[in-house]
Amino acid sequence: MANKWGVIIIDVQGDFTKWKQGSLAVPGTNESYVKSAEAAAQQLKELGVPVFGTQDWHPPDHVSFATTHPGKKPFEKITIDGKEQALWPPHCIQGTENARVLIDNNLFLAIVKMSQDPAVENYSAFKDGKGVKTEMDTVLRINGIKKVVLYGIATEYCVSATALDLITANYETTVIEGLCRCVSADNATAAIDEMRTRGIRVVTSLEDIIEEIRRDISG
Ligand code: VGL
Ligand code: ZN
């Protein structure tokens, strides 16, 4: 069962980092954060764990961009079709330099692009804004993966939305909090509470689970 475990690294892209002066740079995202996220991926890959990535990939007129709504400012909230929509500075626009994934792309077996529909926000890499599964489930199943480790940016948006969909789809799901970065610490705390309530394991560092993964893989 060598491939029982898989890892998903969420949206480690220029626009979310201080390192690349991203338009939606999240606290604590200097170069050393990205390098630690990359080192963890490398370590897992060397153990034989397949590495997957996700990439926020918006058209230039995306519904989540404040610029799409005249008179609105980034970080305001509006209501669309009865649903709250947070507005962001334009970020991760398809084909732009800062939409690139900053972790060595050769580490990934696949990178799943997300939130490409201009009209719908989508924080989960597991299904699109209309609730249709992305290829994530397929690539996990093809590789025989039952247990997923995930980390990346941002804790309370794409990390938690993806983790909640993974646990709903019956993957054993573990989030490495120390390798995540959040937009707001308070919202991240609430998101972590919700993840734990829903049966997701949240650990501090890769060290907390690496022996378990090693045992599982060799056993
Ligand atoms: C994300 C805000 C806007 C994320 C994406 O990757 O968590 N957050 N777009
Ligand atoms: Zn986005």
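Quantities reported herein were computed from a predicted structural model and do not represent experimental measurements.

About the cut-offs
Residues numbered from 1 in each chain as written. Chains lettered and ligands numbered in written order. Predicted model: local features only at pLDDT ≥ 70, side-chain atom pairs only at ≥ 80, totals over all residues. Heavy atoms only, no water. Donors = N, O, S within 2.8 Å, 3.2 Å for Na, K, Ca; no water. Tetrahedral: all angles 85-135°; square planar, octahedral: opposite > 155°, others 65-115°. Helix = DSSP H or I, 4+ residues; strand = E, 2+ residues; numbered from the N terminus. Near = heavy atom within 4 Å. Polar contact = N/O pair within 3.5 Å; in protein donor to acceptor, adjacent residues only side chain to side chain. Areas by Shrake-Rupley, 256 points an atom, 1.4 Å probe, with all protein chains shown as cover. Nonpolar A, V, L, I, M, F, W, Y, C, P; charged D, E, K, R; others polar.

Engineer: Help me understand the coordination of the zinc ion (ligand 2), please; the structure alone is not making it clear to me.
Structural biologist: The protein atoms donating to the zinc ion (ligand 2) are D56 (OD), H58 (NE2) and H91 (NE2), with metal-donor distances spanning 2.0 to 2.1 Å. Viewed at the metal, the four donor atoms of the zinc ion (ligand 2) are separated by angles of 88 to 167 degrees, and the geometry they form is irregular. The sequence motif formed by the donor residues of the zinc ion (ligand 2) is D-x1-H-x32-H. Of this pair, D56 sits in strand 2 (residues 51-56) while H91 sits in the loop between strand 4 (83-86) and strand 5 (110-114), and the two are 35 residues apart along the sequence.

Engineer: Where do I start with the site of ligand 1 in this structure?
Structural biologist: With respect to spatial proximity, the complete set of residues near ligand 1 consists of D11, F16, D56, W88, H91, Y123, I153, A154, Y157 and C158. At 2.6 Å from an oxygen atom of ligand 1 is found a side-chain nitrogen or oxygen belonging to D11. In the model, a nitrogen atom of ligand 1 is placed 3.1 Å from a nitrogen or oxygen of the D56 side chain. Bound to the protein, ligand 1 loses 99% of the 260 Å² it would expose on its own. Residue composition of the shell around ligand 1, by class: seven nonpolar, one polar and two charged.

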